[in-house]
Amino acid sequence: MCQPDSRPSRRAFLGATGTVTAVGLSAGCQSSSAPPDRSDAPAPTPPVSPTGRYQAGITLPQPAQRNLLAVVADLVDAAPVRPLLAELGEAIRTLTAGTDARLMGLEPGDLTVTIGVGPRLVRTVDPALPGAKDLPRFSREKIASRARGGDLLIQICADDALVVPAVAAALLERAGDRIRERWRQSGVRGANVRVERGRAAPRNLFGFVDGIVGPHTRAEQERDLWLSGPAPVADGTLVVLRRIELDLPRFAKLSVAEQEAVFGRRRATGEPLSGGTIAAGPDLGAKTPDGRYLVPADAHARRAHATAVGVGLMLRRSYSIDGPAPGLLFMSFQNDIRTFTSTLTSMDNSDALLDYTTTTASATFLVLPGFDAQHPLGSRLFR
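Residues numbered from 1 in each chain as written. Predicted model: local features only at pLDDT ≥ 70, side-chain atom pairs only at ≥ 80, totals over all residues. Heavy atoms only, no water.

- The protein has the name Dyp-type peroxidase in an unreviewed UniProt entry, where Streptomyces yatensis is given as its organism.
- UniProt, in its Sequence similarities (unreviewed entry) section for the protein, records the words "Belongs to the DyP-type peroxidase family."
- Under Cofactor (unreviewed entry), UniProt gives the following word-for-word description of the protein: "heme b". (UniProt positions renumbered as here; feature names shortened; annotations may be inferred.)

Okay, structure coming up:
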């Protein structure tokens, strides 16, 4: 039986989940010579355009695809950034169109690739630009130097798990020796739970619905998600990437009521402990007849609440992971880095959920504005 390489090369890039390996092995063991029955095959996944005002893979598609691979790398000092980004943009266009031979016949489906640049590169343009600041350090971190920061983020998402490593291999081959990989993480979205018409959110490894609150309307996204200026970064956004280990055995020992008190929501339905539907925001002032808060003072829903913290909304596109330890690849998109830093500071002070977490990787990136054939990826920032 073949074993996956524990240290895959950049060109081979087989850094997908064990699910991908299992699917590939079972597909290679078909003994019947008869053609497969396609009568009940699912309809093709609608494609997502890679070009436009914004990059794909943030608000589109909805709900987010099931599989993700995030690659964090550094730019080799001698390599110019503008042509590298332009070439990556060209490769993204051919890959999402299904015309790149390196897909080896796979249909791209709803493939999206999202590119971000780290603070060091942003500072070379203008230290005052959004995205030029590194993340501060927080408590409950156990991060090796290689897993903190980075110059380049390549986020690859697709419903077809086989597409993800093929696309990663193609993009890293295109980049060649101009970049040096720091770390990577693959993840899978849990089953979606309906939040309201046209919107769903997945469950995480703790069993709770994840990412309910966020800037979901166009007005909220213009206010809290997309950068409006200055011109080189307008229509981009800022992403925070955190790999977080979860202490599942200890959390599982809590009763369901205790688990719900940690989150401030019902585990089965996602509804706030203060009442209302899953889409309703928690009523932080609601109390029991004897004066106790229905949403406990240290509940995650309270400590991370945008109004309580005094910041805007963050859009979460997080994925559950099973290696090197069970956890969460947390990603938040916002147009002000203080939305994240102030929220985590509030959580650091007293959030019951953090007692079951350890952060093992951390980075922030400026997600570049959208691009097209006439305006190459990154051309507005790196002139």
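1. Some words on the overall build of the protein
Okay, step 1: For the protein, the helix and strand inventory stands at 10 helices and 11 strands.
Okay, step 2: Taking all 383 residues of the protein together, 50% fall into the buried category.
Okay, step 3: Of the roughly 18,000 Å² that the protein leaves accessible, carbon and sulfur atoms contribute 53%. (Helix = DSSP H or I, 4+ residues; strand = E, 2+ residues; numbered from the N terminus. Buried < 20%, exposed > 50% of the residue type's maximum accessible area, 1.4 Å probe, protein only. Areas by Shrake-Rupley, 256 points an atom, 1.4 Å probe, with all protein chains shown as cover.)

2. Some words on the side chain of S274
Okay, step 1: On the secondary structure map, S274 appears in the loop between α7 (256–263) and α8 (300–303).
Okay, step 2: What makes S274 buried here is its relative accessible area of 19%.
Okay, step 3: In this structure the side chain of S274 is engaged in a polar contact, spanning 2.8 Å, whose partner is the backbone nitrogen of D283.
Okay, step 4: Discounting chain neighbours no more than four positions away, the residues touching S274 are P282, D283, A286, L294 and V295. (Polar contact = N/O pair within 3.5 Å; in protein donor to acceptor, adjacent residues only side chain to side chain. Contact = heavy atoms within 4.5 Å.)

3. Some words on the confidence of the model for the protein
Okay, step 1: Model confidence for the protein is summarised by a mean pLDDT of 90, while 89% of its residues fall at 70 or above.
Okay, step 2: In the model, residues 1–34 has pLDDT below 50 throughout and makes 35 contacts with residues more than four positions away in sequence or in other chains. (pLDDT = per-residue confidence, 0-100.)

4. Some thoughts on the pattern of salt bridges
Okay, step 1: Under the counting rule described, the total for this entry stands at 23 salt bridges.
Okay, step 2: Taken together, the salt bridges that share partners define one network made up of E87, E90, R174 and R178. (Salt bridge = Lys/Arg side-chain N within 4 Å of Asp/Glu carboxyl O.)

5. Thoughts on the pairing of strand β5 (residues 192–196)
Okay, step 1: In terms of strand pairing, β5 meets strand β6 (residues 199–202) through 4 bridges, oriented antiparallel. Bridge pairing links V193 to A201 in β6.
Okay, step 2: Between the antiparallel neighbours β5 and β6 lie 2 residues, among them G198 with a positive phi of about 80°. (Pairing = 2+ DSSP bridges.)

6. Quick look at the side chain of Q259
Okay, step 1: Along the chain, Q259 falls in helix α7.
Okay, step 2: Accessibility expressed as a relative area gives 4% for Q259, which makes it buried.
Okay, step 3: A polar contact of 3.3 Å, which involves the side chain of Q259, links it to the backbone oxygen of L254.

7. Structural notes on the packing of aromatic side chains
The description of an aromatic ring pair uses the distance of the two centres, along with the angle that the planes make with each other.
Okay, step 1: Tallying each qualifying case throughout the model produces 9 aromatic pairs.
Okay, step 2: Measuring from ring centre to ring centre gives 4.1 Å for F208 and F263, while their planes differ by 15°; the resulting arrangement is stacked. A residue pair is termed long-range when its members are at least 10 positions apart, and F208 in the loop between β6 and α5 (218–224) and F263 in helix α7 qualify at 55 residues. There is no split in this pair, since F208 and F263 are both buried.
Okay, step 3: Pairing F330 with F340 gives two aromatic rings, centres 6.0 Å apart and planes at 40°, and the pair type is tilted. (Phe/Tyr/Trp six-rings, centres within 6.5 Å; stacked < 30°, edge-to-face > 60°.)

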